[in-house]
Amino acid sequence: MIERISFVSPNFLLRDKFDFDLTYPLGIIYMAAVLEKEGFEVNITDANAMNFSDEQVVDELRKSRPDIIGVSCNFAPLHNPTLKIVELIKRKWSGRTTG
């Protein structure tokens with residue numbers, strides 16, 4: 001049974017190039033609010049805000065022990081970093097759903 005859901009907003013790693021360092025992962029926040037209202041335990045790891053490496057994201061996910069992990073990609077420049085972290089998560093959590 002699905003009880004715990006974790007969302008990840010990847011680290012930009014390109015913050016100097018785009019001249020901003022923080023955006024709010026509103027899509028994840030909205031989904032988390034609805035899921036919490038429906039009784040799910042939801043965790044959000046905003047790697048950009050925390051300036052986390054991919055390994056630090058994995059450590060945070062270990063702590064929350066999610067049944068499902070969702071990874072956001074809301075900017076085209078995040079495409080490659082997002083794929084990289086999804087592959088890392090899949091290696092660490094075989095059997096979990098990622099999307």
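As the structure is a prediction and not an experimental result, all values here were calculated from the model.

Quick look at the environment of S6
Relative to the helices and strands, S6 resides in strand 1 (residues 4–9). With 64 residues separating them in the primary sequence, S6 and G70 have C-alpha atoms 6.3 Å apart.

Regarding the nonpolar core
V8, V57, L61, I69, V71 and I89 are the most contacted members of the largest nonpolar core, which totals 13 residues. Of all the secondary structure elements, the ones that give two or more residues to this core are helix 4 (54–64), strand 3 (68–71) and helix 5 (79–92). With four residues, the single largest contributor to this core is helix 5. Counting residues in each nonpolar core, the second largest holds five residues, with I5, F7, I28 and V42 among its members.

A short note on the pattern of salt bridges
A side chain with one charge may pair with a side chain of the opposite charge, provided their charged atoms come close. A full pass over the atoms with the stated rule returns four salt bridges. The salt bridge involving R4 is made with D67; its shortest N-O contact spans 3.9 Å. Note that R4 is positioned in strand 1 and D67 in the loop between helix 4 and strand 3, a separation of 63 residues in sequence. Its relative accessible area of 23% is what places D67 among the partly exposed residues. Between R62 and D59 there is a salt bridge; the shortest N-O distance is 2.9 Å. Pair noted here: R62 and D59 are both in helix 4, with a separation of three residues, about one helical turn. The class of D59 is partly exposed, set by a relative accessible area of 36%.

What counts and what doesn't
- For every chain, the first residue of the written sequence is number 1, and numbering continues from 1 along that sequence.
- In keeping with the predicted nature of the model, local features appear solely for residues at pLDDT of at least 70, side-chain atom pairs appear and are counted solely at 80 or more, and the whole-chain, interface and lining totals rest on all residues.
- With hydrogens and water excluded, all non-hydrogen atoms of the structure serve as input to the side-chain values.
- Numbered from the N terminus, helices here are DSSP runs of H or I no shorter than four residues, and strands are runs of E no shorter than two.
- For this analysis, a nonpolar core means a set of buried residues of the types Ala, Val, Leu, Ile, Met, Phe, Trp, Tyr and Cys, connected via side-chain atoms within 4.5 Å.
- Burial classes: relative accessible area under 20% of the type maximum marks a residue as buried, over 50% as exposed, and values in between as partly exposed (1.4 Å probe, protein chains only).
- Should a side-chain nitrogen of Lys or Arg be within 4 Å of a carboxyl oxygen of Asp or Glu, the pair is scored as a salt bridge.

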